[in-house]
Amino acid sequence: MAVTVEEAPWLGWVVAKALMRFAFMVANNLVAIPSYICYVILLQPLRVLDSKRFWYIEGLMYKWLLGMVASWGWYAGYTVMEWGEDIKAISNDEAVMLVNHQATGDVCTLMMCLQDKGPVVAQMMWLMDHIFKYTNFGIVSLIHGDFFIRQGRSYRDQQLLVLKKHLEQNYRSRDRKWIVLFPEGGFLRKRRETSQAFAKKNNLPFLTHVTLPRFGATNIILNALVARQENGSPAGGDARGLRCKPGGLQWIIDTTIAYPNAEPVDIQTWILGYRKPTVTHVHYRIFPIKDVPLETDDLTSWLYQRFIEKEDLLSHFYKTGAFPPAQGHKEAVSREMTLSNTWIFLIQSFAFLSGYLWFHVFQYFYHCLF
C-alpha cells in the first residue's frame, strides 16, 4: 500500500524509533548477558561452599535480565492488565503455571507480569521449545536450569524421560518453586487445525481460541514434584490422596492470556515497538493440588476441561473486552500491573556498569598476557 505525504513523517519516525530500540537491545544484550556469565563463573567457589546462596544470587541476576526484557515492552507502551485470583498470595509456595500459547510475545508478557510477584521469577523454571536454546538468551536459560523440549511425535517419549531426569537433578537442588508450562505444545495458529481434527475424531469440543493440551509434560511434573503422604501413595494415584506440605507442589495456576482483537504481540514487536501501545490481559485461576487427579486418564480429562473453560473465557473477552466475573461475583475486577521506572533504571545501570567493568578486567589480562 502506497504511503501518502501526510503519513511519511509518521512512518519515518516509526522506522527511526525501531532502529534505535534495536540498537539499544543489542547493546543491552552485549553487556548484560556476558556480565551474567562472568559473575556466575566468578561465584563458582560459592556454589561449592554454599549452593543455596549461590542459586539465590544467580536467581536475582536472572530476574534482572528478565526485567530488562520486560522493560523493552514497557517503554513501548505494551502493558498488562491482570484478572481473576491474586497469585501474589502464593508467591512463596510451589506452583505450576499452565498457559495458553498464541505467539512469542506470551513469554515476554509473563516476564513482565511476574516481576512484581516476589521471588517467583528468580525461582522459576521455564519449559520452552528447544529452538530457544539457540537464541541470545539460550545460554542464560541453560545456566539457570530451564528445560528445552523438542517437539514432534518421534521425540515425545524420549523427551519426557529427559524432563523427568532434569527435574530430579535441577528442581530441588537449585531451589526452584514455580514452573511455567505451555501444555498446547505450540502456537495456536500452528496447532489449531490439527487439534480440531483430533477433537472431531474423538468427539471432543471444537475449540477456536485455544487447542487441546498435551498431558505428557504435565503428568511428569506432577508425579515428580507433588509431595506424598507420610504413609505413601501409589504412583499415578489420585491427588486427593496427597496433601500440600513444604517441599511439595501445592498449586496449579490456570493462566489465560488474551490480546485485544485476538491480535497477539510477537517478540519482534516487543523489541522494535512499531505497533501502537496495547494492553495484554492475563487471567488467573488457582487450583489446590489436592483437587487435581494424577491418574493419566483423569488428568487428561481435567486438563481438557481447563482448556474448554479457557475457550469460554476468551470468547467472553473477545466479545466484551473483559473477562467474566468469578462464580458468586457480580463483576470482574482487573488490576493494572506496573513496573518501577526507578528499578528498571537501576538494573540497566548495573548491567552497563558491569559490562564496562568486565571489559576492563579482560583488557587488563589481555595486556598482561600479550
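As annotated in an unreviewed UniProt entry, the chain carries the name Acyl-CoA:lysophosphatidylglycerol acyltransferase 1 isoform X3 and is attributed to Cricetulus griseus. As stated in UniProt under Sequence similarities (unreviewed entry), the record for the chain gives "Belongs to the 1-acyl-sn-glycerol-3-phosphate acyltransferase family."

A few words now on the pattern of salt bridges. Under the definition given, this model contains 12 salt bridges. A salt bridge links Arg 285 to Asp 254, with the nearest nitrogen and oxygen atoms 2.6 Å apart. A residue pair is termed long-range when its members are at least 10 positions apart, and Arg 285 in strand S7 (residues 278–288) and Asp 254 in strand S6 (residues 251–258) qualify at 31 residues. A relative accessible area of 2% places Asp 254 in the buried class. In this structure, Glu 309 and Arg 285 form a salt bridge, with 2.7 Å as the shortest nitrogen-oxygen distance.

Here the focus is the nonpolar core. Met 97, Leu 110, Leu 114, Trp 126 and Trp 178 are the most contacted members of the largest nonpolar core, which totals 61 residues. Among all residues touching Met 97, those that are not within four sequence positions of it are Leu 110, Leu 114, Trp 178, Ile 179, Val 180, Leu 181, Ile 253, Thr 255 and Tyr 284. Counting residues in each nonpolar core, the second largest holds 27 residues, with Val 96, Leu 163, Ile 179 and Ile 220 among its members.

Mapped onto the present numbering, the UniProt feature "transmembrane region" (unreviewed entry) falls on residues 20–42, 54–75, 131–149 and 343–366. Across residues 131–149, helical content stands at 37% and strand content at 16%; the span's end C-alpha atoms are separated by 9 Å. Along residues 343–366, the helical share is 100% and the strand share 0%, with 34 Å between the first and last C-alpha atoms.

Glancing now at the side chain of Thr 218. In this fold, Thr 218 is placed in helix H8 (residues 216–225). Sequence-distant contacts of Thr 218, that is, excluding residues within four places in its chain, are made with Leu 98, Leu 181, Pro 183, Leu 299 and Leu 303.

Now for unusual backbone geometry. In the Ramachandran plot, Asp 175 falls in the positive-phi region, its phi being about 60 degrees despite a non-glycine side chain. Looking at the secondary structure, you find Asp 175 in the loop between helix H6 (156–170) and strand S5 (178–181). Of note in this structure, Asn 203 is not a glycine but carries a positive phi near 55 degrees. By secondary structure assignment, the location of Asn 203 is in the loop between helix H7 (188–201) and H8. Taking relative accessible area as the criterion, Asn 203 reaches 73% and is therefore assigned exposed.

What follows covers the packing of aromatic side chains. Inspection of every chain in the model, using the stated rule, returns 14 aromatic pairs. Consider the rings of Tyr 62 and Phe 137, whose centres lie 6.3 Å apart with planes at 55 degrees: the pair is tilted. Pair noted here: Tyr 62 is in helix H3 (residues 51–74) and Phe 137 is in the loop between strand S3 (124–129) and helix H5 (138–144), with a separation of 75 residues, a long-range link. On the basis of relative accessibility, which here comes to 1%, the residue Tyr 62 falls in the buried class. Residue class for Phe 137 comes out buried when judged on its relative accessible area of 14%. Taking the centre distance of 5.1 Å and the plane angle of 35 degrees together, the rings of Phe 317 and Phe 323 count as tilted. Owing to a relative accessible area of 2%, Phe 323 belongs among the buried residues under this scheme.

Below, the discussion takes up the sheet that holds strand S2 (residues 95–99). Working definition: the strands of a sheet are paired by backbone hydrogen bonds and lie parallel or antiparallel to each other. Strand order in this open sheet of 8 strands is S4-S3-S5-S2-S6-S7-S1-S8, and the pairing throughout is mixed. Each edge of the sheet is formed by a strand with only one pairing partner; in this case those strands are strand S4 (147–149) and strand S8 (334–337). For this sheet, the mean angle separating the axes of adjacent strands, direction not counted, is 25 degrees. Relative to S7, S6 runs antiparallel, the two being bridged by 8 bridges. Bridging from a neighbouring strand, Ile 253 pairs with Ile 286 of S7. Running over the sheet, H3 touches strand S1 (78–84), S3 and S8 and is turned about 110 degrees from S1.

Cut-off values and rules
Residues numbered from 1 in each chain as written. Predicted model: local features only at pLDDT ≥ 70, side-chain atom pairs only at ≥ 80, totals over all residues. Heavy atoms only, no water. UniProt positions renumbered as here; feature names shortened; annotations may be inferred. Salt bridge = Lys/Arg side-chain N within 4 Å of Asp/Glu carboxyl O. Helix = DSSP H or I, 4+ residues; strand = E, 2+ residues; numbered from the N terminus. Buried < 20%, exposed > 50% of the residue type's maximum accessible area, 1.4 Å probe, protein only. Core = buried A, V, L, I, M, F, W, Y, C linked by side-chain atoms within 4.5 Å. Contact = heavy atoms within 4.5 Å. Phe/Tyr/Trp six-rings, centres within 6.5 Å; stacked < 30°, edge-to-face > 60°. Pairing = 2+ DSSP bridges. Axes fitted to C-alpha atoms, helices over the stretch in contact; angles between N-to-C directions.

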